[in-house]
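# Observations on the model geometry
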Amino acid sequence: MFYVYFYMRNIRKFIINRIFALYITHRAVIQAGVCGFILHTPAYFFMEHDKIVYTKKGEGVFSYEYIDRLRNLKNDFNVIAQSGGQENSLASDADIVIMGGNRGGSKTFTLLMESLPDIKNPRFNAVLLRNEKDDLRDMINTSYLIYSQFGTYNRSISDMTWNFGENAGKLWFSYFADNFEDFKKRFQGKQFCYIGIDEITHCSYDKFKYLITCNRNAYGIKNRFWGTCNPDPDSWVRVFIDWWIGEDGNPIPERDGKKRYCFMDGDSPNNIFWGDTPEEVYEQCKSIIDPLWNDAYKKLGFNKKTMFVKSVVFIRARLEDNIKLIEADSNYAANLAQQDEESRARDLEGNWNFKAAGDDILKIEHMERFFNNSAQYGDNKRRVSCDIAYEGGDNLVLWFWIGNHIEDVYVSRDNSKRTEECVAYKLREWGVLEKDFVFDLNGPGQDFKGKFPDAVKFNNMAAPIPMAKADEKSIKYIYSSLKSQCADILVKKIKNDEISINPDLLSRKFSGNGYSDMTLYNILMKERKAIRDADTDKGFSLIKKEVMKKYVGHSPDFIEAMIYRQIFDIRKQHTKPKGLWRI
């Protein structure tokens, strides 16, 4: 016989029905709302009376210490949530649970276990998804270990469903690999109390958002949405869980399992409003929420400041917590350790930032030399380069240069009028002439043209500029654009130790879309990955902005502002300067 013990949410107790040395069947035990079950029948179960307390409903509750002793017995007939990520995930009452980390962290098994408290409720309807139908095989095979004593599985490839009895719930397996419109049609009008996505990093953000609209029921069952995954620094999930991840890419221990709140506006994880309380989120986006509020909701007992806000938690899954796997297969950890550096960092160490350095044009050692280089004042000319952004978007970044030395930096996220005023003030403060100020013309930069008519307007889409007459015909085969040309100049300066930065700036902390309270040192270490060759037939071609964001995890505003500065080196050597400011 099997005994399955379930963790009570929010308290360190395990719960099972109130049973005293009785001969029972599982139908006598399993009832709607009961959080602990006995599997397999017939079964004898004896409780130690002095080890039990009871809920108001009369349900017996084991102490955590007692369950720990059962764990130590290592009895294969006791199925108990393992301490660590599995236990913490099953204990969470958040609307959205992201369980991510090392391979072998028992994430899929936990995803399956989460449905058990409700399967005997006839109103319970759940769906678990993977990318393709073929990807579901292992999950389905594993599900037999948990569900076979409760129901029957329909083996039809067109209806992969666990039926838990005539007057009980259902759990359906599905996939999300089809295009978005077909995906919407398949799920339109459906409702599920519990939705779980295994390897959620393979699911697009728009499909994730659409599935959330299906996470509903009218029967008082707790709705929950789960996603499990291994680390993927290029996925939207990395942006979504950024608050829980440290600058080194590892989950922050103090934040592991801590609940936060959000309002997911728009079609990008960068547009999410986050806070430590629902009220804090509401204050950030009340202009969106207020029009959605109806007084009828208040009569039903809802609060405008909390009704539209979702709770989220990230919980780390560790291989070392999965004692059952390690005991059964001691070679698994060794197998993961044999992989390449990138795979090892993600799969064994659970790092969410690591990407192989093979394609990085600017390596870590190059940046370290740049950070520690002596001041490269060069021509001593004072200049400012700017990547423009306004409130609600990315960061506006102003670099103050003396020659090839970065002396200061200014970062802002304000409205257009205030931003223009601040930039004009900084130019005066730093003693920089308007003609020695460059900003990106594309996007928000159009608003700057009238305010700074003598500044250099950097057009990202402009053609490269020959620096000598001999290059006039060949330059278009060397660089695809002016921005690619300037990026290459910056790279060469860094590699040749021709550029420097005030070391006091590196410890300053900044926040933006996709990161919070990050030092400038770490921001630049991340943004160096934005300088990459798109590998086209047009010479060196800098990757597009959207691709940059995938490599970096946020908009590379700081490194782009550094790229724009290099236009002044081209202007100095170009033989036909007339009208060049228009580029």
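The following paragraphs examine the structure supplied in this document.

Definitions and limits used
- Residues numbered from 1 in each chain as written.
- Predicted model: local features only at pLDDT ≥ 70, side-chain atom pairs only at ≥ 80, totals over all residues.
- Heavy atoms only, no water.
- Helix = DSSP H or I, 4+ residues; strand = E, 2+ residues; numbered from the N terminus.
- Buried < 20%, exposed > 50% of the residue type's maximum accessible area, 1.4 Å probe, protein only.
- Contact = heavy atoms within 4.5 Å.
- Pairing = 2+ DSSP bridges.
- Axes fitted to C-alpha atoms, helices over the stretch in contact; angles between N-to-C directions.
- Salt bridge = Lys/Arg side-chain N within 4 Å of Asp/Glu carboxyl O.
- Disulfide = S-S within 2.5 Å.
- Expected span 1.5 Å × (residues − 1).

A tally of regular secondary structure across the protein chain gives 23 helices and 26 strands. Burial statistics for the protein chain: of 583 residues in total, 52% are counted as buried. Long-range contacts, defined as pairs at least 24 residues apart, comprise 64% of the intrachain contacts of the protein chain with a sequence gap of at least 6.

Attention shifts here to the sheet that holds strand 18 (residues 310-317). Spatially, 11-12-13-10-14-15-9-18-16-17 is the arrangement adopted by the ten strands of the open sheet, whose pairing is mixed. Each having just a single partner strand, strand 11 (152-154) and strand 17 (272-275) make up the two edges of the open sheet. Averaged over all adjacent pairs, the angle separating strand axes in this sheet is 20°, with direction ignored. The pairing of strand 16 (residues 259-264) with strand 17 spans four bridges and is antiparallel. Along strand 17, the bridge assignment pairs Phe-263 with Phe-273. Along the sheet, helix 6 (residues 180-187) contacts strand 10 (125-130) and strand 13 (170-175); its crossing angle with strand 13, the most-contacted strand, is approximately 170°. The strands touched by helix 7 (residues 205-212) within the sheet are strand 9 (96-101), strand 10, strand 14 (194-198), strand 15 (224-229), strand 16 and strand 17, with strand 16 carrying the most contacts at an inclination of about 100°.

What follows covers the sheet that holds strand 20 (residues 396-402). Here six strands make up an open sheet; going across it, the order is 23-22-19-20-21-24 and the pairing mixed. The strands lining the two open edges of the sheet, one partner per strand, are strand 23 (456-458) and strand 24 (500-501). In this sheet, strand 23 lies alongside strand 22 (residues 437-440) in parallel orientation, the contact comprising three bridges. In the strand pairing of strand 23, Phe-439 is matched with Lys-457.

Side-chain pairing between opposite charges can occur once the charged atoms of the two side chains come close. The tally for this structure, following the rule as stated, stands at 27 salt bridges. Of the charged contacts in the structure, one is a salt bridge between Arg-137 and Asp-134, with a shortest N-O distance of 3.6 Å. The burial state of Arg-137 is the same as that of Asp-134; both residues are exposed. With a closest N to O distance of 2.9 Å, Asp-379 and Arg-383 form a salt bridge. Residue Asp-379 is classed as partly exposed on the basis of its relative accessible area of 41%. Arg-383 gets classed as buried once you look at its relative accessible area, which sits at 5%. Because the salt bridges share partners, they merge into one network encompassing Asp-360, Arg-528, Lys-529 and Arg-532.

Here the focus is the pairing of strand 20. Look at any regular strand and the pattern is simple: side chains alternate between the two faces of the sheet. Of all seven residues making up strand 20, seven are buried, and the element is well covered by its neighbours. Covered by surrounding structure in strand 20 are Leu-396, Leu-398, Phe-400 and Ile-402 together with Val-397, Trp-399 and Trp-401, the residues of both alternating faces. In this structure, strand 19 (residues 382-387) lies alongside strand 20, joined through six bridges in antiparallel fashion. Residue pairing across strands places Cys-386 opposite Leu-398, the latter belonging to strand 20. Sheet analysis places strand 20 next to strand 21 (residues 405-412), joined by seven bridges and oriented antiparallel.

By secondary structure assignment, the location of Phe-180 is in helix 6. Between the C-alpha atoms of Phe-180 and Ser-204, which are 24 residues apart in sequence, the distance is 9.1 Å.

This part takes up the state of the cysteines. Tallied over the full model, the rule gives zero disulfides. As a non-bridged cysteine, Cys-285 has Cys-262 as the owner of its nearest cysteine sulfur, 9.5 Å distant.

The next point concerns helix 9 (residues 278-289). If you check helix 9, its first and last C-alpha atoms are just 12 Å apart, much less than what twelve residues at 1.5 Å a residue would give, namely 16 Å. Buried residues in helix 9 make contact with strand 16, strand 17 and helix 11 (304-307).

Spatial relationships are all this shows, so hold off on functional conclusions.
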